[in-house]
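Structural features, examined
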Amino acid sequence: MADNAADVVSLIAASLRRERARVGLSLTEVARRAGIAKSTLSQLESGTGNPSVETLWALGVALGVPFSRLVEPPRRVIQVIRAGQGPVVHSERADYEATMLASCPPGARRDIYRIRAQPGPPRASQPHMPGTIEHLVLSTGRVLAGPTGEAVELWPGDYVTYPGDVPHIFDALEPDTTGVIVMEHV
């Protein structure tokens, strides 16, 4: 928590700007949803206003965040997962494993996986939920990846994105092929 009144007002101003940008709403729309004057919100975001608890509660509701998110500094969360650690899920039909690096937190719509695969039967994926997009950055080896029948060959450092809501494959062409997949759920 901030130490003095000026620090609190500055923290609230930054939090309001951050959260309004996150949800993509205009000053006018947030003020309307919170039932406050646009000029009041403008003053609060510029750090010149002095919000009441009731105003902050209304703004939290309008922005879809808890009260604490507006008055506490954002916490920097650092998470390290060392190579060879993390929850691993193996394929039944291919020499393929996925290590969950980051699951989709509330409000976000993506998951991150580190992939390791060996040559052999390709990892054939059924369509994920509608709107899913996969992003793959290949780290080592070679792979044929993408929609079934349209997969592309990648080399280390290559990037591909493709719809994940259609059948798709990950076919390792060299031993110890690794990469990072981000599954974006739009």
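Use the structure listed above.
I will try to describe carefully the structure that is included in this document. Every value quoted in this text rests on a predicted model; they were computed, and no experiment measured them.

1. Regarding the sheet that holds strand β6 (residues 143-147)
The four strands are arranged β4-β9-β6-β7 in an open sheet whose pairing can be described as antiparallel. Looking at which strands have only one partner, the edges of the open sheet turn out to be β4 (123-125) and β7 (152-154). Geometrically, the sheet is characterised by an average inter-axis angle of 15 degrees between neighbouring strands, direction not taken into account.

2. Notes on helix α1 (residues 5-23)
With 19 residues, α1 extends 27 Å from end C-alpha to end C-alpha; this agrees with the ideal 27 Å at 1.5 Å per step. Those residues of α1 lying buried are V9, L11, I12, A13, S15, L16, E19 and R20. Backbone geometry just downstream of α1 places G24 in the positive-phi region, at approximately 70 degrees.

3. Here's the deal with the packing of helix α2 (residues 27-34) against helix α3 (residues 38-46)
As a packed pair, α2 and α3 sit with axes 9 Å apart at the nearest point and diverge in direction by 115 degrees. If you check the angle between α2 and α3, you find them roughly perpendicular. As α2 runs across α3, the sense of the crossing is right-handed. Across the interface between the two elements, L27, T28, V30 and A31 from α2 touch K38, L41, S42 and E45 from α3. Of the residues belonging to the contact of α2 with α3, the class tally is four nonpolar, two polar and two charged.

4. Considerations on the side chain of E19
If you trace the backbone, E19 turns up in helix α1. Overall, E19 belongs to the buried group, its relative accessible area being 1%. For E19, the side chain forms a polar contact with the side chain of R69, separated by 3.1 Å.

5. Considering the side chain of S125
With respect to the helices, strands and loops of the structure, S125 is situated in strand β4. Among residues more than four places away in sequence, those in contact with S125 are V166, P167 and H168.

Conventions adopted
- Residues numbered from 1 in each chain as written.
- Predicted model: local features only at pLDDT ≥ 70, side-chain atom pairs only at ≥ 80, totals over all residues.
- Heavy atoms only, no water.
- Pairing = 2+ DSSP bridges.
- Helix = DSSP H or I, 4+ residues; strand = E, 2+ residues; numbered from the N terminus.
- Axes fitted to C-alpha atoms, helices over the stretch in contact; angles between N-to-C directions.
- Expected span 1.5 Å × (residues − 1).
- Buried < 20%, exposed > 50% of the residue type's maximum accessible area, 1.4 Å probe, protein only.
- Parallel < 35°, antiparallel > 145°, perpendicular 65-115°, else oblique.
- Left-handed = near helix turned anticlockwise from the far one by under 90°.
- Contact = heavy atoms within 4.5 Å.
- Nonpolar A, V, L, I, M, F, W, Y, C, P; charged D, E, K, R; others polar.
- Polar contact = N/O pair within 3.5 Å; in protein donor to acceptor, adjacent residues only side chain to side chain.

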